[in-house]
Amino acid sequence: LVNMAATVKTIILTGFGINCNRETEHAFNLAGAETEQVHVNDLIESPSKLDDFQILAFPGGFSFGDDIAAGRVLANKFRTHLGERIKSFIEKDKLVIGICNGFQTMARLGLLPALGGKYLDVQAALAHNDQNVFRDSWVTLKANPDSPCVFTKGIDLVPVPIRHGEGKFVMIDDAAL
């Protein structure tokens, strides 16, 4: 990980089946960030709390048990209660990262790919894997050296675990892909 300035503050969401918050906190701490874990309901109750942070982290897990679809219920909760606040957070050039189920939540919330700056408009989803099975394995990812992504800066190859049944990224509009 790339060392971050000590003043970078990261809010890490917890609650409702999110279960990788400690690992996410550990990774940000290793990178030099100051972290705080905040339950989703506490953020909904005090949305201005988000203003104190530069990074918003949606960790992995199985939010709301993924009973309807991975990340969908959590995304709806955010859209209803915090959608405009998160959109404002992003428009201030602050960072958002979604890991595993957190990435699925971001897609279902419309935070990515957000083509044309259309945040909160769902443009993509994660569909069932081509193999139609839950994948549990390790893969090696190669970072794009030309990417402006601060999360992969200075990284060439990184081994990561993958554990998902819905990992195929699809665009709602095939022409946009």
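The structure under discussion appears in the preceding block.
Residues numbered from 1 in each chain as written. Predicted model: local features only at pLDDT ≥ 70, side-chain atom pairs only at ≥ 80, totals over all residues. Heavy atoms only, no water.

1. Here's the deal with the pattern of salt bridges
(1) Moving on: Under the criterion given, the structure shown has 6 salt bridges.
(2) Moving on: A salt bridge links Lys-142 to Asp-156, with the nearest nitrogen and oxygen atoms 2.6 Å apart. Taken as a pair, Lys-142 in strand S6 (residues 135–142) and Asp-156 in the loop between S6 and strand S7 (157–164) lie far apart in primary sequence, 14 residues in all.
(3) Moving on: Taking relative accessible area as the criterion, Lys-142 reaches 59% and is therefore assigned exposed.
(4) Moving on: On the basis of relative accessibility, which here comes to 42%, the residue Asp-156 falls in the partly exposed class. (Salt bridge = Lys/Arg side-chain N within 4 Å of Asp/Glu carboxyl O. Helix = DSSP H or I, 4+ residues; strand = E, 2+ residues; numbered from the N terminus. Buried < 20%, exposed > 50% of the residue type's maximum accessible area, 1.4 Å probe, protein only.)

2. Considering the sheet that holds strand S4 (residues 95–98)
(1) Moving on: Taken together, the 4 strands give an open sheet; going across it, the order is S2-S1-S3-S4, and neighbouring strands pair in parallel fashion. The two strands at the open ends of the sheet, each matched to only one other strand, are strand S2 (34–39) and S4. Across the sheet, the axes of successive neighbouring strands diverge by a mean angle of 20°, strand direction being ignored.
(2) Moving on: Across 4 bridges, strand S3 (residues 55–58) lies against S4 in parallel orientation. Note that in S4 the partner of Leu-56 across the bridge is Val-96.
(3) Moving on: Contacts from helix H3 (residues 72–91) reach strand S1 (9–14), S3 and S4 within the one sheet, and its direction differs from that of S3 by about 140°. (Pairing = 2+ DSSP bridges. Axes fitted to C-alpha atoms, helices over the stretch in contact; angles between N-to-C directions. Contact = heavy atoms within 4.5 Å.)

3. Here's the deal with the packing of aromatic side chains
(1) Moving on: Under the defined criterion, the tally for this structure stands at 3 aromatic pairs.
(2) Moving on: With a centroid separation of 6.4 Å and an interplanar angle of 85°, the aromatic rings of Phe-28 and Phe-151 are classed as edge-to-face. Linking Phe-28 in helix H1 (residues 21–30) with Phe-151 in the loop between S6 and S7, this pair joins segments that are 123 residues apart in sequence.
(3) Moving on: For Phe-28, a relative accessible area of 6% corresponds to the buried category.
(4) Moving on: Plain terms: the ring middles of Phe-103 and Phe-169 are 6.2 Å apart, the flat faces sit at 50° to each other, and that makes the pair tilted. Taken together, the residues Phe-103 in helix H4 (residues 101–109) and Phe-169 in strand S8 (residues 168–171) connect sequence positions 66 residues apart.
(5) Moving on: Above the ring of Phe-53, the side-chain terminus of Lys-9 is found at 5.1 Å from the ring centroid. (Phe/Tyr/Trp six-rings, centres within 6.5 Å; stacked < 30°, edge-to-face > 60°. Lys NZ or Arg CZ within 6 Å of the ring centre and 35° of its normal.)

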